[in-house]
Amino acid sequence: MSTNRTKLVVMAGIVMVALSVGAVSGFAFSLGKYEKVKANKGTITLPVEKLADGKARFYKFEDGGKNITFFAVKAADGSIRTAFDACDACYRDRKGYEQQGDKMNCKNCNQKFAIKRLGPNATGGCNPGYLPHKQNGKTISVSVADLKGGARYF
């Protein structure tokens, strides 16, 4: 009888360790999603060349202990799109978006949004929160004031 109990305790321990490793790995992976950026004179500057492959890049800006996250991505037409990694509808769940081909997918409700349509006219609901930027040749710049304007999502 004690052999069965020992086996059960050992199996439960193995399951707990496996779940813990999985949870820690998932947490560590999600932290690695964001590149930390810093402002210079009220502006964050990003190199356009990093976006040449069409893959979304995710960034984190720290403001008074609060992490404001956003992404930048090059659309098929060559334009650069920037948006908060949150939306009006699902931001409380803090899951953000992931890229699936030419769309950004809300990881909370699974709605997909065409990258080429992200912008000032695609707002509200589960659209990625619009984040204005300026393109200056080989760089894009995002103002800290605009980032702080989306702090409510985070």
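Residues numbered from 1 in each chain as written. Predicted model: local features only at pLDDT ≥ 70, side-chain atom pairs only at ≥ 80, totals over all residues. Heavy atoms only, no water.

1. Notes on the overall build of the protein chain
The secondary structure content of the protein chain amounts to 2 helices and 10 strands. Going from N to C terminus, the protein chain has its helices and strands arranged as α-β-β-β-β-β-β-β-β-β-β-α. Classification of the 154 residues of the protein chain by burial places 32% in the buried group. For the protein chain, the share of sequence-separated contacts (at least 6 apart) that also reach a separation of at least 24 residues comes to 53%. (Helix = DSSP H or I, 4+ residues; strand = E, 2+ residues; numbered from the N terminus. Buried < 20%, exposed > 50% of the residue type's maximum accessible area, 1.4 Å probe, protein only. Contact = heavy atoms within 4.5 Å.)

2. Some details on the sheet that holds strand β4 (residues 66-74)
Across the sheet, 4 strands lie side by side as β1-β3-β4-β5; this open sheet has mixed pairing. Unpaired on one side and paired on the other, β1 (34-37) and β5 (80-84) mark the two borders of the sheet. Pairwise comparison of adjacent strand axes, ignoring direction, gives a mean angle of 30 degrees for this sheet. In this structure, β4 lies alongside β5, joined through 5 bridges in antiparallel fashion. In the strand pairing of β5, Ala 72 is matched with Thr 82. (Pairing = 2+ DSSP bridges. Axes fitted to C-alpha atoms, helices over the stretch in contact; angles between N-to-C directions.)

3. Focus: the sheet that holds strand β6 (residues 97-100)
Within a sheet, each strand pairs with its neighbour through backbone hydrogen bonds, oriented either parallel or antiparallel. Judged by pairing direction, the sheet is antiparallel, and its 3 strands sit side by side in the order β6-β7-β8 without closing on themselves. The open sheet is flanked by β6 and β8 (112-114), the only strands paired with a single partner. The mean inter-strand angle of the sheet, taken between neighbouring strand axes irrespective of direction, is 30 degrees. In terms of strand pairing, strand β7 (residues 103-106) meets β8 through 3 bridges, oriented antiparallel. Bridge pairing in β8 links Asn 105 to Lys 112.

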